[in-house]
Amino acid sequence: MNYEPVIGLEVHVQLKTESKIFCGCPAKFGAGPNTQTCPVCLGLPGTLPVLNKKVLEYGVKTALALNCSIQPFIKFDRKNYFYPDLPKNYQISQYDLPLSYKGYIDINTDGSIRRIGITRLHLEEDAGKLLHEGSDAASSYVDFNRTGIPLLEIVSEPDINSPQEAYEYLTSLKAILKYLDISDCDMEKGSLRCDANISIRPKGEKKLGTKTELKNMNSFKAVRSALEFELIRQTKAKENNLKITQETLLWDEKMQKTITMRTKEEAHDYRYFPEPDLVPFVIEEKDILSIKNNLPELPRQKYSRLLASYELSEYEANILTSDKNLAEYFEIGAQIYKNYKNLTNWMLGAFLSELNNRKIAPENSPVAARDLINLLKITDEGKINNLTAKAVLTEMFNSGKSADVIIKDKNLAQISDKGMLSKIIDETIKENPSPVSDYKNGKENALMFIMGQAMKKAKGKANPKIINELLKERMKNA
Amino acid sequence: MNEFQLTAGEIKKEDTGRERLTSSLLERINAVEDKIKAYVIKPAPAASAKKNSGLLGAIPVSIKDNICVKDEATTCASKILGGFKPPYDAEVISRLKESGAILWGKTNMDEFAFGSSTENSFYGATSNPHNLNYVPGGSSGGSAAAVAADETIISIGSDTGGSIRQPASFCGVVGLKPTYGRVSRYGLIAFASSLDQIGPITKNVEDSALTLNVISGYDPKDSTSADIAKPDFIKALGKDIKGLKAGLPKEYFTSGIDPQVKKSLDEAISVLKAKGVEFIPISLPHTEYAVAVYYIIATAEASSNLARFDGVQYGYRQINKEGIIGMYRATRGNGFGQEAKRRVILGTYVLSSGYYDAYYLRALKVRTLIKKDFDDAFKEIDCVITPTSPTAAFRKGEKIENPLSMYLSDIYTISANLAGIPAISIPCGFTKEGLPVGLQILARPFDEETLFKTAFSYEQATNWRKVKPKL
Amino acid sequence: MAISKEQVNYTANLARIELTEDELNILSRHLDDIIKFIDKLKDIDIKEVAPCSHVIPIRNVFREDKAHKSLDVKDALQNAPAKENNFFKVPKVIE
């Protein structure tokens, strides 16, 4: 029988605010343990939360970008459960009147557009961190720095039909969040986290199967791998008439498989009730409109615009707009350099690979768009050839120096002087008598060999166009 | 007259007695505290005036032990907070310090403010200064007893369902629960966040108004604090109450009321009538549900508010072999007293899956009806007058084995918290046994001025506050 | 019976409170009385009534997104029953 997976994703993103959601502690990552806490985020007796204005603003912004409806009257609720990383033993979250609901993201799969529904989007506070390594094997250690970092929870509809689609959804979602500049979306640092649930059913069947929940994936690729693994596991179980139990599974990255959580989870009873320490929030239509009007251009819009304005292929536009900063880099370049085709080739080729080799983001590139364009112009003028230009770019990344300085310092300028090139050609012909006679006997490709030898002699700096012309001329006369 | 018997108003007016004040009070505490046990932490002899100029300059003010004072033990009269010292001041403490007040020890209470008798304290019960065999009321029993026994000039309490007014009534002093949102709750260790309010317990109405001037006002650290204009409450004192319309809710004068209390109330009504107050019979039809609504909402919120006492960050911790969950269970099982356990479990139950709609949600809806009863009544009248409690103080041990009967003793005070409105209790007589009786006045939200002018007018026409306990 | 001993026991565990057998017995009796009492709310018609979760109509209270100084780590840990290297220390949590 043919089975299809039904996948839903639950994404938590930490919002990029100066301070925490309910107190003024800094929301920075990586500080020493328990150095970013105060009575409020430690949940000390008597303290009270006050909502950070920016958190609601970021929430509304994201909701609108994800095509969600904004709840006119929102409130916060307490989610009650005991855990040592949760100082109050309740988490301030949103239950029945979340910030927003019913949105969607359009994703690109196999060249066609699929619409994935967003069930809801709500605000909550992050918990602290538990560490299990210390002097004492019978102890765990608690760091409350992360407690109270603002979180946005984005829950998708179970509309996702394959692990690859889940991957595309996450990539698209991340791009939108980055465009909005509301989160770092760094899975390694935990500023974006994703849990998945998956069930399978015979193709065409409406009824949902028993789902399992997958946790502990540290990258989008890991989400895809975990889902692929689970899809196969569930399919095999079905084929062998084994029961699939509803459970939470952890992804083991090293073993590339899912494992059952060791502790049996108790049935949850979170006892949600309205948070009495926070007042309700009423979001006015005019405030929503004002945020809507100030939304930045989003990936899909940028994609369409770039596609139309710069003679790009869909593939090129897609890559360029997958990262807001890459697209911005391109557009800064395109303002001062009109050979879009060449710019695109360079950016998607040499430039991206330099970035990837160094694992740096476009916005942190040591080579500014202006500097890259300068390099392209120098190349266009024939001062250096393409091959040299790539080496110069690498050097620009390494040293941070400009193309001009590198070309001068390393004496890389192209030789276009006909006298000098003639001399090189003469020597090359003299040193390669047999290829020369081969050419004369009609072997056309022998010319390429001779040309290569001449280039080598010129240490790669010869102007290829001129040397080609000169060589042909000399061979005719020889 | 001894200095310790002075009121803050008298001290300010005469500008006398300040030098001798603290030593006089300490002598008084030495003489009577062993009988009363009003304090969890007695005032330090070194506690002295920072400045005389502020609104409460050099005036000793004792603090209920559920209000955080930076770097000083704050216990909520519970074993579970043993050793806890908050690293911050409650907003009311900052305001008191700013006003020049001397922080005068921490007063006893029912553990986490759970109770109406101050018998539920890990540190032992407090006695009623008027008769040591009787309870002082609760939960701010230590504060009321300390004021009644002249062990302090003013005390700060908290009121969730009557915890300021009922002990004030039992001890023959003045207790005010301000409008919800009038005084910042920041630093008050929460019992039920949607009901809790901090307020003063004082020897007379003037000191009550004076103290509210100091502790009230908008606080950006408390989202539920009201950002509204704050009048000078002292100016309400002495205002004419002729023509004031007072409602007498028929539901408060039923068979449950002690005849002696009823008699004192009738006399008080006559006094106010003579002052020109017009009394109008009214109905607050959902009154009979108030106690049930209260015990659902208050315990539900408490179950969540008290979840943080788990032995991880502060206070008492007990470890056993069962890991982290074992630590939680043992710490909370041994750290909480019986009433705290009862309320936390009840509150957990009414919120739990399958019961939320039947209890908690239903209670929130009936709360709406109770609030509406008052909204409707206040269209016709300016204030409501009732007894503070159906009886005078009861004997120690009388209700401790029967929690429900204890809960029902809050029947007249609970509605003000549910409706968020201000209410004051002032002395209006004594029973044959020499126990004080209290009169309660309730007004519209943020209309404490009506309470003060009415209470002050009555107080000036009577002499109840001059009857001191014989200690 | 409005509430059984088993339900009390379950709820006590949800609230992470250990009870002795004696405590459980007395508490079950008390809670049964109280729940019978609060059950009187079932008599009221509340179909058209909105719940009151906030009694004073205050809305939209915010703070600006400005960072303040945090506590010194030693003050944050001043009350800790057990600590090590600036961490709070608790019995092992098994995941």
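Residues numbered from 1 in each chain as written. Chains lettered and ligands numbered in written order. Predicted model: local features only at pLDDT ≥ 70, side-chain atom pairs only at ≥ 80, totals over all residues. Heavy atoms only, no water.

S.K.: Before we move on, can you summarise the packing of helix 10 (residues 338-351) of chain B against helix 11 (residues 356-377) of chain B with the specific residues and values?
M.R.: Helices that pack against each other are described as a pair by the angle of their axes relative to one another and the distance between those axes. Residues and elements named next belong to chain B. Put simply, helix 10 and helix 11 touch, their axes get as near as 6 Å, and they point 105 degrees apart. By the angle between their axes, helix 10 is roughly perpendicular relative to helix 11. From helix 10, Tyr349, Val350 and Leu351 reach across to helix 11, where they touch Tyr356, Tyr359 and Tyr360. Looking at the contact of helix 10 with helix 11, its residues break down into six nonpolar, no polar and no charged. (Axes fitted to C-alpha atoms, helices over the stretch in contact; angles between N-to-C directions. Helix = DSSP H or I, 4+ residues; strand = E, 2+ residues; numbered from the N terminus. Parallel < 35°, antiparallel > 145°, perpendicular 65-115°, else oblique. Contact = heavy atoms within 4.5 Å. Nonpolar A, V, L, I, M, F, W, Y, C, P; charged D, E, K, R; others polar.)

S.K.: Let's hear about the UniProt feature "active site" (unreviewed entry) in chain B: which residues, and what values?
M.R.: All names here are of chain B. Here, the residues flagged by UniProt with the feature "active site" (unreviewed entry) are Lys64, Ser139 and Ser163. The largest pairwise C-alpha distance within this set of annotated residues, which runs over 100 residues, is 10.9 Å, so the set is compact in three dimensions. Relative to the helices and strands, Lys64 resides in strand 2 (residues 60-64). Residue class for Lys64 comes out buried when judged on its relative accessible area of 0%. In contact with Lys64, other than residues within four places in its own chain, are Lys106, Thr107, Met109, Ala113, Ser139, Ser140, Ser143, Ile156, Gly157, Ser158 and Ser163. With respect to the helices and strands, Ser163 occurs in the loop between strand 4 (154-159) and helix 5 (165-171). A relative accessible area of 5% means that Ser163 is categorised as buried. Among residues more than four places away in sequence, those in contact with Ser163 are Lys64, Ala113, Gly115, Gly138, Ser139, Ser140 and Ser158. (UniProt positions renumbered as here; feature names shortened; annotations may be inferred. Buried < 20%, exposed > 50% of the residue type's maximum accessible area, 1.4 Å probe, protein only.)

S.K.: Residues and numbers for the nonpolar core, please.
M.R.: Across soluble globular proteins, you tend to see nonpolar side chains buried next to one another. In this structure, Leu96(B), Phe112(B), Ile385(B), Phe452(B) and Ile38(C) are the most contacted members of the largest nonpolar core, which totals 186 residues. Top contributing element to this core by residue count: helix 8 (residues 290-305) of chain B, with 11 residues. The next biggest cluster of nonpolar side chains, apart from the first, holds 101 residues, and it includes Leu173(A), Ile176(A), Phe220(A) and Trp346(A). (Core = buried A, V, L, I, M, F, W, Y, C linked by side-chain atoms within 4.5 Å.)

S.K.: Can you tell me about the environment of Ile21(A), naming the residues and giving the values?
M.R.: Note that Ile21(A) resides in the loop between strand 1 (3-14) and strand 2 (51-52). Taking C-alpha positions, Ile21(A) is 8.2 Å from Leu151(A), a pair spaced 130 residues apart along the chain. If near-sequence neighbours (up to four positions away) are discounted, Ile21(A) is found in contact with Val50(A), Leu51(A), Asn52(A), Val55(A), Glu124(A), Glu125(A), Gly148(A), Pro150(A) and Arg63(C).

S.K.: Outline the interface of chain B and chain C, listing residues and values.
M.R.: Contact residues are listed per partner, giving 70 residues for chain B and 50 residues for chain C. For the chain B face of the interface with chain C, the top three residues by lost area are Arg329(B), Ile345(B) and Arg362(B), together amounting to 13%. The interface formed by chain B and chain C holds two salt bridges in total. For Lys40(C), the salt bridge identified is with Glu288(B), shortest N-O distance 3.8 Å. In this structure, the connection of chain B to chain C is made through 20 residue pairs in polar contact (both at pLDDT 80 or more). Those elements giving two or more residues to the side of chain B that touches chain C turn out to be helix 8, helix 9 (323-335), helix 10, helix 11, helix 12 (403-408) and helix 13 (414-419) of chain B. For the side of chain B that touches chain C, the element with the highest residue contribution is helix 11 of chain B, accounting for 12 residues. Taken together, the residues of the side of chain B that touches chain C sort by class into 39 nonpolar, 18 polar and 13 charged. (Buried area = accessible area lost by both parts, 1.4 Å probe. Salt bridge = Lys/Arg side-chain N within 4 Å of Asp/Glu carboxyl O. Polar contact = N/O pair within 3.5 Å; in protein donor to acceptor, adjacent residues only side chain to side chain.)

S.K.: Outline unusual backbone geometry, listing residues and values.
M.R.: Omega for the bond connecting Gly138(B) with Ser139(B) falls within 30 degrees of zero, at 10 degrees, which places this linkage in the cis form. Here Ser139(B) lies in the loop between strand 3 (102-107) and helix 4 (141-148). Although it is not a glycine, Asn216(A) adopts a positive phi angle of roughly 75 degrees. A relative accessible area of 43% means that Asn216(A) is categorised as partly exposed. Of note in the backbone geometry, Phe112(B) takes a positive phi value of approximately 55 degrees without being a glycine. With respect to the helices, strands and loops of the structure, Phe112(B) is situated in the loop between strand 3 and helix 4. You can call Phe112(B) buried: its relative accessible area is 2%.

S.K.: So what about the environment of Tyr407(B)? Which residues, and what values?
M.R.: As for its placement among the helices and strands, Tyr407(B) is situated in helix 12. On a C-alpha basis, the gap between Tyr407(B) and Asp71(B) in space is 34 Å, while along the polypeptide they are 336 residues apart.

S.K.: So what's going on with the side chain of Thr47(A)? Which residues, and what values?
M.R.: Among the structural elements, Thr47(A) can be located in the loop between strand 1 and strand 2. You can call Thr47(A) buried: its relative accessible area is 8%. There is a polar contact of 3.4 Å between the side chain of Thr47(A) and the backbone oxygen of Pro39(A). In this structure, Thr47(A) is in contact with Pro39(A), Val40(A), Tyr88(B), Tyr186(B) and Arg308(B), ignoring residues within four places of it in sequence.

S.K.: Now, about the packing of helix 8 (residues 340-358) of chain A against helix 10 (residues 386-399) of chain A: what can you tell me, with residues and values included?
M.R.: All names here are of chain A. Relative to each other, helix 8 and helix 10 sit at 35 degrees, their axes nearing to 11 Å. For helix 8 against helix 10, the interelement crossing comes out right-handed. Touching Trp346, Ala350, Phe351, Glu354, Leu355 and Arg358 of helix 8 are Asn386, Ala389, Lys390, Leu393, Thr394, Phe397 and Asn398, all from helix 10. In terms of residue class, the contact of helix 8 with helix 10 is made up of seven nonpolar, three polar and three charged. (Left-handed = near helix turned anticlockwise from the far one by under 90°.)

S.K.: Describe the interface of chain B and chain A, naming the residues involved and giving the relevant values.
M.R.: Of the residues lining the interface, 39 residues belong to chain B; the matching set on chain A comes to 30 residues. Three residues stand out in chain B for area buried against chain A, namely Ser223(B), Arg308(B) and Gln313(B), and they jointly supply 23% of the buried area on that side. If you look at where chain B meets chain A, you find one salt bridge. The salt bridge partner of Arg185(B) is Asp277(A), with a shortest N-O separation of 3.0 Å. Our enumeration of links across chain B and chain A arrives at 16 residue pairs in polar contact (both at pLDDT 80 or more). Mapped by element, the contributors of at least two residues to the side of chain B that touches chain A are helix 8, helix 9, helix 10 and helix 11 of chain B. Broken down by element, the residue count for the side of chain B that touches chain A peaks at four residues, all from helix 8 of chain B.

S.K.: Lay out the pattern of salt bridges in plain terms, naming residues and giving numbers.
M.R.: One side chain can pair with another of opposite charge once the charged atoms of both are near each other. This structure, assessed with the given rule, holds 58 salt bridges over all chains. The salt bridge partner of Asp75(C) is Lys74(C), with a shortest N-O separation of 3.8 Å. On the basis of relative accessibility, which here comes to 26%, the residue Asp75(C) falls in the partly exposed class. Overall, Lys74(C) belongs to the exposed group, its relative accessible area being 58%. Several salt bridges share partner residues, and in doing so they unite Arg78(A), Glu275(A), Asp277(A), Arg185(B) and Asp222(B) into one network.

S.K.: Please give an account of the sheet that holds strand 16 (residues 273-274) of chain A that cites residues and values.
M.R.: Across the sheet, which stays open at both edges, the three strands sit in the order 6-5-16 (chain A) with antiparallel pairing between neighbours. What marks the edges here is a single partner per strand, and that holds for strand 6 (90-93) and strand 16 of chain A. The sheet contact formed by strand 5 (residues 77-80) of chain A and strand 16 of chain A spans two bridges and is antiparallel. Among the inter-strand pairings, Asp77(A) is bridged to a residue of strand 16 of chain A, identified as Pro274(A). Its contacts with the sheet put helix 8 of chain B on strand 5, strand 6 and strand 16 of chain A, and the angle it makes with strand 5 of chain A is roughly 60 degrees. (Pairing = 2+ DSSP bridges.)

S.K.: Describe the sheet that holds strand 1 of chain A, naming the residues involved and giving the relevant values.
M.R.: Residue and element names in this part refer to chain A. Pairing is mixed in the open sheet, where nine strands are placed in the order 3-7-8-11-1-12-13-14-15. Both outer strands of the open sheet, strand 3 (69-70) and strand 15 (257-260), are each paired with one neighbouring strand and no more. The sheet contact formed by strand 14 (residues 248-252) and strand 15 spans four bridges and is antiparallel. Among the inter-strand pairings, Leu250 is bridged to a residue of strand 15, identified as Ile259. Strand contacts of helix 1 (residues 53-65): strand 3, strand 7 (100-109), strand 8 (112-125) and strand 11 (150-156), with the helix running at about 165 degrees to strand 8, the strand carrying the most contacts. Contacting strand 1, strand 12 (192-202), strand 13 (212-215), strand 14 and strand 15, helix 3 (residues 220-239) crosses the sheet at an angle of about 25 degrees to strand 12.

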